[in-house]
Each structure stands twice: as C-alpha cells, then as structure tokens.
Amino acid sequence: MSTDREIERAASIIKESKAIVSLTGAGISTSAGIPDFRSPEEGLWQKDPSKMMLFTDVGFAADPKGFYEFGKELLPSFQGARPTLAHRFLARLEREGFGLGCVITQNIDGLHQRAGSKNVIEMHGGLSTGRCTGRTCSKEFTLEDILQKVEEELPPLCPQCRAVIRPNIVLFGEALPEEAYQRALESLKDCDLLLVMGSSLVVYPVADMPEVAMGNGAKLIIINLQPTQYNGRADVVINSSLDEAARKLVKALGTTL
Ligand code: OAD
Ligand code: ZN
C-alpha cells in the first residue's frame with residue numbers, strides 16, 4: 001500500500017479518535033541533527049556498540065570520565081537542535097482540539113517542550129538538570145552548572161562533597177522515574193489511539209506500551225523508517241521520514257503547522 005493511502009487512513013483514525021497519546025523515540029529528533037541509537041550506520045550504538053556500556057548504571061559508575069568525554073562529543077548536536085516538523089505536528093495536535101492528551105517520550109532533548117507540547121512525560125529523564133551522586137549529598141545542578149564544570153574537569157565534581165555529578169537521565173539498569181511511569185500508564189489506560197513516532201520499540205518497559213494500549217482497546221499507528229515488532233498488529237504503518245509524514249498528515253487533517 002502506498003504511503004499516501006496510509007496517510008489518509010492515519011488521518012481519518014486521528015480525526016475519529018478522542019483520546020490520543022503519542023509515544024516518541026530518538027527518530028523524531030534525527031532531522032534536528034541529534035543521532036538516534038539504532039539506525040543503520042548513523043545510530044550511536046550501531047556505530048560503536050561499546051559506547052552503550054557507558055550508559056549503564058555500572059558503566060557510568062566505573063568510568064564517569066569516559067561517559068562525559070563521549071557526552072562532550074555529542075553535546076554540540078543537542079545544543080544546535082531545534083524542534084522538527086514532527087515535534088511541531090504533535091504540539092499542534094494537542095493545541096488544536098485533535099484530542100492529543102500527552103506525549104510519552106524516551107528522548108532527553110527537551111524538543112517536545114520547546115515545540116510547545118505542554119503535557120510531556122519523560123520516561124528516560126532529561127538533560128536539563130543533574131544531581132550529585134554523593135550518598136548523603138542531594139545537591140542539584142542546572143545544565144549550565146554542569147557545562148561550566150565540564151570545562152574545568154572531567155568528570156565534573158560536586159563543589160560540596162567532591163562526588164561525581166550526573167545528569168538526570170535514566171541509565172540502563174535503572175528504574176524509570178516512578179511518577180512519570182504511573183502517569184504514562186494512566187494515559188495509556190484511557191487512550192483510544194497510540195501514535196508511535198521514531199522508536200525501534202526494543203527498550204523495555206516502554207516497548208510494552210503499545211501492548212498495554214492495544215490491550216485497552218486503543219488503535220495503533222506507527223511512523224518509523226525501520227520495522228518494529230508491532231508492525232504486523234498496527235492499524236496503520238507509515239514507513240517514511242517523520243517530517244514528510246507530518247507534512248502530509250497536517251494537510252490531510254486540514255490544519256497548518
Ligand atoms: P532507536 O535509535 O532505537 O530507534 C529510532 C527509530 O527511529 C529507528 O527505528 C529508526 O528507523 C527511526 N528513525 C530515525 N530517523 C527517522 C526519521 N527521520 N523518520 C522516521 N523514522 C526515523 O531510538 P529509541 O527507540 O528512542 O535509552 O531508543 C530507545 C532507548 O534506547 C533510548 O531512549 C535510549 C537508547 O539506548 C537509554 O539510554 C536508557
Ligand atoms: Zn555533593
């Protein structure tokens with residue numbers, strides 16, 4: 001089936017849905033210049049699987065300097081990023097009475113919020129703040145604090161207790177933020193459409209969310225370049241770039257960006 005036919009079907013499902021939830025992953029930010037993890041060639045873990053270790057709880061504790069050295073390489077792509085058409089499309093669906101209740105994201109880049117989405121649930125934390133890892137120290141840091149410290153020493157250390165500072169992101173091996181997770185599950189209970197955009201749907205427990213939504217009777221639309229484990233069960237799969245899909249959906253829905 002051609003993509004245009006899929007776009008029409010997706011638009012009509014969006015129009016008839018009353019409670020939409022979107023689930024997004026790194027693919028929604030690639031056109032903003034931030035690499036994803038598993039795209040062929042450009043994905044960070046595809047290019048160098050050993051780097052993934054740094055993003056585990058154990059790996060970070062063992063080599064915080066290596067984590068920050070890699071982080072410093074990636075930083076310019078985050079700093080230069082602007083919300084994409086697809087981010088703006090989701091903000092529009094929330095604002096314009098299309099029934100989008102929230103965006104559940106695995107991304108840490110803050111681009112949904114910058115695009116104007118109000119109800120964003122960050123499943124893997126966010127880059128905008130950090131905290132001291134010292135056991136008895138609870139000092140919090142802004143991204144600006146951390147960036148300044150990173151210029152002075154690697155890894156950056158807490159001025160109060162000299163323990164390593166970490167960003168407030170979820171590392172592999174760590175639990176998801178409980179409050180965010182509960183809010184996400186609540187929204188999935190009530191939704192009648194889950195719109196997945198730019199995720200390989202392989203990292204759990206987020207990868208279970210389409211299952212949860214469908215179990216509650218929701219329809220499923222997936223927009224992603226690579227196939228996912230849910231493609232065979234989705235109501236519509238749009239296999240194209242997200243920005244192109246967003247542009248076409250906006251037109252099919254009779255709105256603008
Ligand atoms: P992945 O890199 O696993 O998947 C991104 C998906 O987006 C891929 O399937 C791509 O095909 C697709 N994609 C990339 N660019 C696209 C575009 N312009 N248009 C359409 N599709 C596009 O990223 P996530 O699923 O977000 O976790 O990864 C999940 C988690 O794994 C991340 O949150 C991170 C990572 O390790 C932690 O670090 C804990
Ligand atoms: Zn401290």
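Above this text is the structure in question.
These figures come from a predicted structure and were not determined experimentally.

**Remarks on the packing of aromatic side chains**
Moving on, step 1. What the rule picks out here adds up to 7 aromatic pairs.
Moving on, step 2. Judged by centre distance (4.9 Å) and plane angle (50°), the ring pair of Phe55 and Phe67 falls under tilted. Here Phe55 is found in the loop between helix H2 (44-47) and helix H3 (57-62), whereas its partner Phe67 is found in helix H4 (residues 64-79), with 12 residues between them in sequence.
Moving on, step 3. Here the aromatic cluster, defined as three or more aromatic residues joined through ring pairs, consists of Phe37, Trp45, Phe55, Phe60, Phe67, Tyr68 and Phe70.
Moving on, step 4. Here Lys51 stacks its cationic end above the ring of Phe70, 5.3 Å away from the centre of that ring.

**Examining the packing of helix H5 (residues 85-95) against helix H10 (residues 242-252)**
Between two packed helices, the angle of one axis relative to the other and the distance separating the axes together describe the packing.
Moving on, step 1. Between H5 and H10, the least distance of the axes is 8 Å, while the angle of their chain directions is 40°. The crossing of H5 and H10 is left-handed. Here Leu85, Ala86 and Phe89 of H5 come into contact with H10, specifically with Leu242, Asp243, Ala246, Arg247, Leu249 and Val250.
Moving on, step 2. Tallied by class, residues from the contact of H5 with H10 come to 7 nonpolar, no polar and 2 charged.

**Topic: the site of ligand 1**
Moving on, step 1. Close to ligand 1 lie 23 residues, the nearest being Phe37, Arg38, His124, Ser199 and Ser200.
Moving on, step 2. The protein chains hide 94% of the 790 Å² of surface that ligand 1 would expose on its own.
Moving on, step 3. Residue classes in the shell around ligand 1 are distributed as 8 nonpolar, 13 polar and 2 charged.
Moving on, step 4. When residues of the shell around ligand 1 are assigned to domains, at least three map to each of domain 1 (1-34 + 83-124 + 176-257) and domain 2 (35-80 + 127-169).

**Some thoughts on the sheet that holds strand S6 (residues 165-169)**
The strands that make up a sheet are held in pairs by hydrogen bonds between backbone atoms, and each pair lies either parallel or antiparallel.
Moving on, step 1. Spatially, 3 strands are ordered S5-S4-S6 in an open sheet, and the strand pairing comes out antiparallel. Either end of the sheet is taken by a strand with one partner, and the two such strands are strand S5 (140-142) and S6. Between one strand axis and the next, the sheet turns by 40° as a mean value, whatever way the strands run.
Moving on, step 2. Direction of pairing for strand S4 (residues 125-132) relative to S6: antiparallel, over a ladder of 4 bridges. Residue pairing for S6: Gly125 is matched across the bridge by Ile169.
Moving on, step 3. This element, H4, spans S4 and S6 of the sheet and lies at about 50° to S6.

**Some details on the coordination of the zinc ion (ligand 2)**
Moving on, step 1. Every protein donor of the zinc ion (ligand 2) is listed here as Cys132 (SG), Cys137 (SG), Cys158 (SG) and Cys161 (SG), and their distances to the metal cover 2.3 to 2.4 Å.
Moving on, step 2. Coordination at the zinc ion (ligand 2) comes from 4 donor atoms whose angles at the metal span 93 to 118°, giving a geometry best classed as tetrahedral.

**Quick word on the layout of surface pockets**
Moving on, step 1. Considering only enclosed or pocket space, the second largest pocket measures out at about 260 Å³ in volume.
Moving on, step 2. Around the second largest pocket, the lining comprises 15 residues; the ones closest to its centre are Asp109, Gly110, Arg114, Leu127 and Leu143.
Moving on, step 3. Considered class by class, the residues forming the lining of the second largest pocket number 6 nonpolar, 5 polar and 4 charged.
Moving on, step 4. In terms of domain composition, the lining of the second largest pocket takes at least three residues from each of domain 1 (1-34 + 83-124 + 176-257) and domain 2 (35-80 + 127-169).

**Things to note about the side chain of Thr255**
Moving on, step 1. Tracing the sequence through the fold places Thr255 in the segment after H10.
Moving on, step 2. The class of Thr255 is buried, set by a relative accessible area of 16%.

**Digging into the side chain of Asp36**
Moving on, step 1. Position of Asp36 relative to the elements: it lies in the loop between strand S1 (20-24) and H2.
Moving on, step 2. With no salt bridge to any partner, buried Asp36 finds its closest opposite charge in Arg38, at an N-O distance of 8.0 Å.
Moving on, step 3. A polar atom in the side chain of Asp36 sits 2.5 Å from the side chain of Ser39.
Moving on, step 4. With residues up to four places along the chain from it excluded, the contact list for Asp36 reads Ala26, Gly27, Thr30, Glu42, Gly43 and Leu44.

Basis of the calculations
Think of each chain on its own: its residues are numbered from 1, step by step along the sequence as written. Think of it this way: whatever chain is written first is A, whatever ligand is written first is 1, and the rest follow in order. Local features in this predicted model are restricted to residues whose pLDDT is 70 or higher, and side-chain atom pairs enter the listing and the counts only when it is 80 or higher, whereas totals over whole chains, interfaces and linings include all residues. Note that water and hydrogens are dropped before the side-chain values are worked out from all heavy atoms of the structure. A pair of Phe, Tyr and Trp rings is counted when the ring centres sit within 6.5 Å of each other, with Trp represented by its six-membered ring. The angle between the planes then sorts it: under 30 degrees is stacked, over 60 is edge-to-face, the rest tilted. Segments assigned H or I by DSSP are reported as helices when at least four residues long, segments assigned E as strands when at least two residues long, and all are numbered from the N terminus. Charges are assigned to positions over rings by a cutoff of 6 Å between ring centre and Lys NZ or Arg CZ, combined with an angular limit of 35 degrees from the ring normal. Lines fitted to the C-alpha atoms define the axes, with helices restricted to the stretch that makes contact. Angles between their N-to-C directions range from 0 to 180 degrees. By definition, any crossing whose near helix is turned counterclockwise from its far helix by less than a right angle is left-handed, and any crossing with a clockwise turn is right-handed. Pairs of residues are marked as contacts when any of their non-hydrogen atoms sit within 4.5 Å. The residue classification treats Ala, Val, Leu, Ile, Met, Phe, Trp, Tyr, Cys and Pro as nonpolar and Asp, Glu, Lys and Arg as charged. All others, Gly included, are polar. Nearness is defined per residue: one heavy atom within 4 Å of the molecule or strand is enough. Shrake-Rupley sampling with a 1.4 Å probe provides the accessible areas, and residues are treated as covered by the protein chains on show and by no other component. Reported domain spans reflect what an automatic or database domain assignment gives. In this scheme, strands are said to pair when DSSP sees at least two bridges between them. Water is not among the atoms examined, so metal sites may look incomplete; donors are the N, O and S atoms within 2.8 Å of the metal, or within 3.2 Å for Na, K and Ca. Geometry is assigned from the angles between donors: four donors with all angles from 85 to 135 degrees make a tetrahedral site, four or six donors whose opposite pairs exceed 155 degrees while the rest stay between 65 and 115 make square planar or octahedral sites respectively, and everything else is labelled irregular. Put plainly, a pocket is an open set of points on a 1 Å grid over the protein atoms alone with protein on both sides within 12 Å along at least five of seven lines, a cavity is a set where a 1.4 Å probe fits but cannot get out, and a lining residue has an atom within 4 Å of a point. Grid points are joined across faces, edges and corners, and a volume is the space filled by probe spheres set on the points. Burial classification: accessible surface area is computed with a 1.4 Å probe over protein chains only, and a residue below 20% of its type maximum counts as buried, one above 50% as exposed, and the rest as partly exposed. Counting rule for charge: Lys and Arg are taken as positive, Asp and Glu as negative, and neither His nor the chain ends is counted. Criterion for a salt bridge: a side-chain nitrogen of Lys or Arg within 4 Å of a carboxyl oxygen of Asp or Glu. Pairs of N or O atoms are called polar contacts if they sit within 3.5 Å, as long as, within protein, a hydrogen donor faces a hydrogen acceptor (for residues adjacent in sequence, only side-chain-to-side-chain pairs).

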